[in-house]
Amino acid sequence: MKVDQKGHTTVIKDTQGSVNSFLEKVTNEYGSFKNQNLILDISADKEVTLDQVLSFLSLSNKHRKAKKSFVLVINDFDFNEVPDEMIVVPTLLEAHDIIEMEEIERDLGF
């Protein structure tokens with residue numbers, strides 16, 4: 001797990017290629033990231049299933065309820081399968097763009 005913090009955003013990259021163990025590590029260390037916007041990069045795992053993505057749903061809901069952004073980065077995935085309450089994008093650049101847009105929306109009171 002590689003952690004990179006820039007300003008109000010923390011990018012956590014899975015270096016093991018195992019979504020389940022990555023989720024467990026992030027959940028265990030969530031207290032140190034809870035005040036930051038989070039980008040979880042699981043693009044190292046080439047065969048991510050919908051069930052694995054949905055395993056992040058409770059963490060995503062908890063983080064978004066605290067008025068912080070939560071974005072998953074996954075390469076080569078059918079993004080139409082993901083529920084609307086989760087944000088999944090194919091690149092880190094798009095993840096940063098989403099967070100920037102959500103920050104603007106929060107500043108404007110949306």
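Residues numbered from 1 in each chain as written. Predicted model: local features only at pLDDT ≥ 70, side-chain atom pairs only at ≥ 80, totals over all residues. Heavy atoms only, no water.

### A closer look at the packing of aromatic side chains
Thinking step 1. Scanning all chains against the criterion turns up two aromatic pairs.
Thinking step 2. For the pair F22 and F56, a centre-to-centre distance of 6.5 Å together with 50° between the ring planes defines the contact as tilted. Placement of F22 in helix 1 (residues 19-28) and of F56 in the loop between helix 2 (50-54) and helix 3 (57-65) is noted, with a sequence separation of 34 residues between them.
Thinking step 3. The class for F22 is buried, based on a relative accessible area of 1%.
Thinking step 4. A ring pair is formed by F77 and F79, whose centres lie 6.1 Å apart and whose planes are at 70°; its orientation type is edge-to-face.
Thinking step 5. For F77, a relative accessible area of 11% corresponds to the buried category. (Phe/Tyr/Trp six-rings, centres within 6.5 Å; stacked < 30°, edge-to-face > 60°. Helix = DSSP H or I, 4+ residues; strand = E, 2+ residues; numbered from the N terminus. Buried < 20%, exposed > 50% of the residue type's maximum accessible area, 1.4 Å probe, protein only.)

### Considerations on the environment of L40
Thinking step 1. You can see L40 is positioned in strand 3 (residues 37-41).
Thinking step 2. On the accessibility criterion, L40 (0% relative accessible area) is buried.
Thinking step 3. For the pair formed by L40 and D97, sequence separation is 57 residues and the distance between their alpha carbons is 14 Å.
Thinking step 4. When sequence neighbours within four positions are dropped, the list of residues in contact with L40 reads I12, F22, V26, F56, F70, V71, L72 and V73. (Contact = heavy atoms within 4.5 Å.)

### Brief notes about the layout of surface pockets
Thinking step 1. One number sums up the size of the largest pocket: a volume of about 150 Å³.
Thinking step 2. Every residue lining the largest pocket is listed: R64, K67, K68, E102, E105, R106 and F110.
Thinking step 3. Broken down by element, the residue count for the lining of the largest pocket peaks at three residues, all from helix 4 (residues 92-108).
Thinking step 4. Of the residues that constitute the lining of the largest pocket, the class distribution is one nonpolar, no polar and six charged. (1 Å grid on protein atoms, 1.4 Å probe; cavity = no way out; pocket = protein on both sides within 12 Å on 5 of 7 lines; lining within 4 Å. Points joined across faces, edges and corners; volume = space filled by probe spheres on them. Nonpolar A, V, L, I, M, F, W, Y, C, P; charged D, E, K, R; others polar.)

### Here's the deal with helix 4
Thinking step 1. In a regular helix each residue adds 1.5 Å, so 17 residues correspond to 24 Å; helix 4 covers 25 Å between its end C-alpha atoms and thus fits that length.
Thinking step 2. Of the positions making up helix 4, those classed as buried are A95, I99 and E102. Down the axis of helix 4, the sector holding all buried residues measures 65°, keeping them to one side. Opposite the packed face of helix 4, turned more than 90 degrees from it, sit the exposed residues L93, E100, D107 and L108.
Thinking step 3. Summarising the contacts, the buried residues of helix 4 are in contact with strand 2 (9-13), strand 3, helix 3, strand 4 (70-73) and strand 5 (87-89).
Thinking step 4. Residue G109 follows helix 4 closely and has a positive phi angle near 90°. (Expected span 1.5 Å × (residues − 1). Arc of directions from axis to C-beta.)

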